[in-house]
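Take a look at the letters that make up each chain.
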Amino acid sequence: MNDRELVEALLNKDPFVTKLFYYRNCRPLFLSLIHRLERNGRVWEYDEVVSEIYALLMEDDGRRLRSFGFECSFYQWVKVVALRHLLANMDKVVIDSESQEPLYERESEQSVDESAELSTARADLERLLELMPNQRYASVIRKLTLEGYESEELAQEMDVKISNLYNIKKRAMAQLTEVALFDKKKYNGY
């Protein structure tokens, strides 16, 4: 597939080409950018970078993507656009700003039995959080569910916008689910 066909497929939101482009073809490029930017003090997750660059290229009906002039390789152009965008957004990132899903549910008053069950559940959750490969994700879940942080407070502490916190929480919960399922299989001897 040449650059013109690739750009056209991305503009048409071809699911196969889009996934292949962002999660296979651009993976070395994005990982290199992540590594370069980590030295500047900002830790980026791969999915954050993909979300950011996808949103950037597709905003306004793909205006930026349509501006590619085919004067250089498409991947070189993406590298420059991505690096400039990520550098400009080192402090604040907006992802998934439409989400209105609450970050957690507040606890209500519980009986003594419920309190004991809650303590056991907290201990189990803490153990699973320790098993998570991404401790940044674990910290978000811990602070929101166990430590009682307000979402605005945590977003400010992490120096991210609230909309980015929703996205981080979503990925954190997915990772926690994977860890819990793996732990269950291991525990049950599967």
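The structure this text deals with has already been given above.
About the criteria used
- Residues numbered from 1 in each chain as written.
- Predicted model: local features only at pLDDT ≥ 70, side-chain atom pairs only at ≥ 80, totals over all residues.
- Heavy atoms only, no water.
- Core = buried A, V, L, I, M, F, W, Y, C linked by side-chain atoms within 4.5 Å.
- Buried < 20%, exposed > 50% of the residue type's maximum accessible area, 1.4 Å probe, protein only.
- Helix = DSSP H or I, 4+ residues; strand = E, 2+ residues; numbered from the N terminus.
- Axes fitted to C-alpha atoms, helices over the stretch in contact; angles between N-to-C directions.
- Parallel < 35°, antiparallel > 145°, perpendicular 65-115°, else oblique.
- Contact = heavy atoms within 4.5 Å.
- Nonpolar A, V, L, I, M, F, W, Y, C, P; charged D, E, K, R; others polar.

A. Layout of the nonpolar core. Phe30, Leu65 and Phe74 are the most contacted members of the largest nonpolar core, which has 31 residues in total. When residues of this core are traced back to their parent elements, those giving at least two are α1 (3-11), α2 (15-25), α3 (27-38), α4 (46-66) and α5 (74-88). Ranked by residue count, the leading element in this core is α4, at 8 residues. Ranked by size, the runner-up nonpolar core spans 18 residues in total, among them Leu125, Leu128, Leu129 and Val140.

B. View of the packing of α1 against α4. Closest axis-to-axis distance for the α1/α4 pair is 10 Å, and the angle between their directions is 170 degrees. By the angle between their directions, the pair α1 and α4 is classed as roughly antiparallel. Contacts from Val7, Leu10 and Leu11 in α1 reach Met58, Asp61, Gly62, Leu65 and Arg66 in α4. The class makeup of the residues in the contact of α1 with α4 is 5 nonpolar, 1 polar and 2 charged.

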